[in-house]
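Fold and geometry: a report
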Amino acid sequence: MNFSIGLRDLVNPWKRLAVGVLLIVFAIFCIVGKKWYIDVDKEDCVSITATFHDWKYHSGSDGMDVNRINLRFDDYASDVEIHSSCLSKELSDRVTNLKSGTKMELMVYEKTLTAYEIKVDGTSWLAFDDACKMIENNYKIISYVAYVLLPVGIILVISCIVSLFLLKKKEIDTL
C-alpha cells in the first residue's frame, strides 16, 4: 500500500478535509498521550524483582516508539518496556548482552508497563529521575510539534468548509 500526498492534492477540498482531520486527531493524540508517561512519581510505580528471560527489539516503521525494547521475564507475567527516550547505546548494549536467568530490580509504572528504574547486580542501569527527565524532554518536543500541527489542521478544515460553501453558492447562482 502506497500513500502520498502533495500540495497539488490539497486543492481538492475533500482531500484537504481528510488531511486536516488527520492532523487534528494526531495532534490531540500527541497532546493527550504525553500524560500517560510524564509526571510519574515513585509512589505510582511498583518495585519488582524479576528473572530476566529475553528481550524483543521493536524498530517501528510506523514512526511510533522507534527503538523500543521490551523485557520479558520468567516470573513476571507482563513484558516491560524501556521507553525509547531512555534507550541509550550503553543501555541497549547492556540489555542485549544480558544473560537469561539474571535477576533484575525494576520500578515499573503499571499503567503503561514502562520501566523507570533498572538495577542489575546492584548497579543502576537506568535511574528513576533520569528516566523521568528524558521522557519529559521527549514529550516536550512532541508537544511542540503537536501545537504546530493542530492549527494547521484546523486551517485546512476551515478552508475546506469555506471552499465547499463557495462552490455550492456558485452552483446555486449559475442556476
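To keep things clear, this report deals only with the structure shown in the data block. (Residues numbered from 1 in each chain as written. Predicted model: local features only at pLDDT ≥ 70, side-chain atom pairs only at ≥ 80, totals over all residues. Heavy atoms only, no water.)

Some points on the overall build of the protein chain
Helices and strands together make up the secondary structure of the protein chain, namely 3 helices and 6 strands. Element order for the protein chain, N to C, with α for helix and β for strand: α-β-β-β-α-β-β-β-α. Long-range contacts, defined as pairs at least 24 residues apart, comprise 58% of the intrachain contacts of the protein chain with a sequence gap of at least 6. Total accessible area computed for the protein chain in this model is approximately 11200 Å², and 59% of it derives from carbon and sulfur atoms. (Helix = DSSP H or I, 4+ residues; strand = E, 2+ residues; numbered from the N terminus. Contact = heavy atoms within 4.5 Å. Areas by Shrake-Rupley, 256 points an atom, 1.4 Å probe, with all protein chains shown as cover.)

Concerning unusual backbone geometry
Its identity as a non-glycine residue notwithstanding, L113 has a phi of 50°, on the positive side. Its location among the elements puts L113 in the loop between β4 (103–109) and β5 (114–120). The exposure class of L113 is partly exposed, given its relative accessible area of 25%. The phi dihedral of D121 falls on the positive side, at around 55°, and the residue is not glycine. On the secondary structure map, D121 appears in the loop between β5 and β6 (123–126). (Buried < 20%, exposed > 50% of the residue type's maximum accessible area, 1.4 Å probe, protein only.)

Some points on the packing of aromatic side chains
Scanning the model with the defined rule gives 3 aromatic pairs in all. Both rings, one in Y116 and one in F128, keep their centres 5.8 Å apart while their planes meet at 45°; by these two values the pair is tilted. Here Y116 is found in strand β5, whereas its partner F128 is found in helix α3 (residues 128–174), with 12 residues between them in sequence. For the pair formed by Y116 and F128, the shared burial category is buried. In this structure an aromatic cluster arises from ring pairing among Y109, Y116 and F128. (Phe/Tyr/Trp six-rings, centres within 6.5 Å; stacked < 30°, edge-to-face > 60°.)

Remarks on the pairing of β6
When β5 meets β6, the two strands line up antiparallel, connected through 3 bridges. When the bridges of β6 are listed, I118 appears paired with L126. Taken together, β5 and the strand that follows it, β6, pair antiparallel across an intervening segment of 2 residues, in which D121 is found at a positive phi of about 55°. (Pairing = 2+ DSSP bridges.)

A few points about the pairing of β4
Within β4, 5 of the 7 residues are buried, leaving the element largely enclosed by the surrounding structure. Pairing analysis gives 6 bridges linking β4 to β5, with the strands arranged antiparallel. By the bridge assignment for β5, V108 is matched with A115. Joining the antiparallel neighbours β4 and β5 is a turn of 4 residues, in which L113 adopts a positive phi near 50°.

Thoughts on the nonpolar core
In terms of nonpolar packing, the biggest core is built from 34 residues, with L71, F73, I82, M104, L106, Y116 and I118 touching the most fellow members. Those elements that place two or more of their residues in this core are β1 (46–58), β2 (68–73), β3 (80–82), α2 (89–96), β4, β5, β6 and α3. Discounting chain neighbours no more than four positions away, the residues touching L71 are F52, D54, W55, S78, D79, V80, I82, V95, M104, L106 and I118. (Core = buried A, V, L, I, M, F, W, Y, C linked by side-chain atoms within 4.5 Å.)

Quick look at α2
Every buried residue belonging to α2 is among L91, S92 and V95, and all of these are buried. With its buried residues spanning 100° around the axis, α2 presents them on a single face. In this structure, α2 carries K89 and E90 as exposed residues pointing more than 90 degrees from its buried face. (Arc of directions from axis to C-beta.)

Observations concerning the side chain of S163
With respect to the element layout, S163 can be found in helix α3. With residues near it in sequence (within four places) discarded, S163 still touches P13 and R16.

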